[in-house]
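An overview of the molecular structure
These are the residues of each chain, in order.
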Amino acid sequence: MWACPKCGRSFKNRNQSHYCGKKPATIGEYISAQPRDIQPLLRAVYHMIQAALPDAEERMSWGMPTFWKGRNILHFAANKYHLGLYVGAEAVEVFGERLMGFETNKGTIRFPYADPAPLELIAGIAVWCRQAACGQ
């Protein structure tokens, strides 16, 4: 067992990623809780998805910023070395050619922090996911 030195919670895995204290209730709180150097990227991704999905509800689900319309459309999350975009396997397959050079598996796309985030591509994926999720 490993105990977090900040909050004292015990975990099976050493250095388990977790929130110390209360989980963020909003996407803004989530972004503010992330390391300062990646907050501008997270805000840019958030605003790009917001603009692409103006009628989607914003939530926190599975500890991640989530856009929802009748069901989850997509999630995004800050990870140690990359931004994770969680869109489902079908979206990864449909956008496969445009995602060359990015790590993908199942329904996940990883955009490394070391490279500029393709915001227009993320917006396009968001729109596609909304249409797939809502049947429009």
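The coordinates are above.
A short tour of the structure in this document, coming up.

So, how was this worked out
- Residues numbered from 1 in each chain as written.
- Predicted model: local features only at pLDDT ≥ 70, side-chain atom pairs only at ≥ 80, totals over all residues.
- Heavy atoms only, no water.
- Salt bridge = Lys/Arg side-chain N within 4 Å of Asp/Glu carboxyl O.
- Helix = DSSP H or I, 4+ residues; strand = E, 2+ residues; numbered from the N terminus.
- Buried < 20%, exposed > 50% of the residue type's maximum accessible area, 1.4 Å probe, protein only.
- Phe/Tyr/Trp six-rings, centres within 6.5 Å; stacked < 30°, edge-to-face > 60°.
- Lys NZ or Arg CZ within 6 Å of the ring centre and 35° of its normal.

1. Let's talk about the pattern of salt bridges
Two side chains that carry opposite charge are able to pair once their charged atoms sit near each other. Per the counting criterion, the structure on display carries four salt bridges. The residue lysine 69 makes a salt bridge to aspartate 55 at a minimum N-O spacing of 4.0 Å. In this pair, lysine 69 sits in the loop between β4 (64–68) and β5 (72–78) while aspartate 55 sits in the loop between α2 (39–52) and β3 (57–61), placing the two residues 14 residues apart along the sequence. You can call aspartate 55 partly exposed: its relative accessible area is 36%. By sharing partners, the salt bridges in this structure join Asp55, Lys69 and Arg130 into a single network.

2. Things to note about the packing of aromatic side chains
Inspection of every chain in the model, using the stated rule, returns four aromatic pairs. With a centroid separation of 6.3 Å and 40° between ring planes, the pair formed by tyrosine 46 and phenylalanine 67 is classed as tilted. A residue pair is termed long-range when its members are at least 10 positions apart, and tyrosine 46 in helix α2 and phenylalanine 67 in strand β4 qualify at 21 residues. Taken together, a centroid distance of 6.3 Å and an interplanar angle of 85° make the contact between phenylalanine 95 and tryptophan 128 edge-to-face. Highlighted residues: phenylalanine 95 in the loop between α3 (89–94) and β7 (103–105) and tryptophan 128 in helix α4 (residues 119–134), separated in sequence by 33 residues. Since its relative accessible area comes to 21%, tryptophan 128 is described here as partly exposed. The lysine or arginine in question, arginine 59, covers the ring of tryptophan 68, its NZ or CZ lying 3.8 Å from the ring centre.

So far we have only geometry, and geometry alone does not tell us how the molecule works.
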